[in-house]
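Read off the chains here:
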Amino acid sequence: MDTEPDIGAPDMTGRGGSGDERRGERRRGLWTEEPAVRPRMPDPVRAAAVRAWIIVAVTLIEAMVAFLCTLAGSWFAFPAVLSTVASTVVATWSVLDVWVTRQVWNQRNGVVSEPSSTARALRRERRRARREARRAERSRPPGRRLSEA
């Protein structure tokens with residue numbers, strides 16, 4: 001009687017794992033994690049983009065219904081066309097909302113630049129100089145100040 005299970009056969013012993021795992025061999029999983037090529041969009045921008053895609057998809061479906069109702073000569077064609085025109089305005093607005101949200105997010109949170117931008121370095125130097133000037137002002141005796149001389 002063979003005590004070694006067949007390779008690929010299900011484990012019927014109740015001990016868990018297949019025969020390959022008990023022998024120290026690991027099977028390859030169904031998929032492997034790969035790093036994203038592009039960084040993830042910020043949450044507000046992603047939410048606006050999802051909202052825009054949904055609105056655009058509904059608008060396209062609505063336009064198709066209006067077109068088919070027009071071809072069929074249905075009474076619903078006129079209200080569907082009016083609704084499609086309104087939905088087109090809303091879809092345009094939602095796509096612009098994605099663009100504006102992205103611009104606002106970049107402006108508030110900055111963009112990661114490699115190497116660091118020169119403007120940031122200049123601001124850092126100005127801040128450092130202001131701090132040193134304040135420290136020097138505090139360390140002077142309370143008598144005469146530079147502005148009074």
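Notes on the structure in this doc start here. Computed from a predicted model, the values in this text were never measured in an experiment.

**Some thoughts on the packing of aromatic side chains**
- Under the criterion given, the structure shown has 1 aromatic pair.
- Here W75 and F76 contribute two aromatic rings whose centre-to-centre distance is 5.7 Å and whose plane-to-plane angle is 75°, an arrangement assigned as edge-to-face.
- Look at F76 and you get partly exposed, because its relative accessible area is 35%.

**Things to note about a nonpolar patch on the surface**
- Among the surface-exposed residues, I61, V65, W75 and F76 lie close enough to one another that they form a single nonpolar patch of about 460 Å² accessible area.
- Within the element layout of this structure, V65 appears in helix 2 (residues 43–72).
- Take V65: its relative accessible area is 35%, and that puts it in the partly exposed class.

**Points about the pattern of salt bridges**
- Applying the stated rule across the entire model yields 3 salt bridges.
- The residue R40 makes a salt bridge to D43 at a minimum N-O spacing of 3.7 Å.
- By relative accessible area, which is 64% here, R40 ends up exposed.
- One salt bridge connects R46 with D43, and the closest N-O pair in it is separated by 2.8 Å. Of this pair, R46 and D43 both sit in helix 2, separated by 3 residues, roughly a single helical turn.
- Connected via shared salt-bridge partners are R40, D43 and R46.

Analysis parameters
Residues numbered from 1 in each chain as written. Predicted model: local features only at pLDDT ≥ 70, side-chain atom pairs only at ≥ 80, totals over all residues. Heavy atoms only, no water. Phe/Tyr/Trp six-rings, centres within 6.5 Å; stacked < 30°, edge-to-face > 60°. Buried < 20%, exposed > 50% of the residue type's maximum accessible area, 1.4 Å probe, protein only. Patch = residues over 30% accessible without salt bridge, like charges linked within 9 Å, V, L, I, M, F, W, Y side chains within 5 Å. Areas by Shrake-Rupley, 256 points an atom, 1.4 Å probe, with all protein chains shown as cover. Salt bridge = Lys/Arg side-chain N within 4 Å of Asp/Glu carboxyl O. Helix = DSSP H or I, 4+ residues; strand = E, 2+ residues; numbered from the N terminus.

Purely geometric numbers; function is a separate question.
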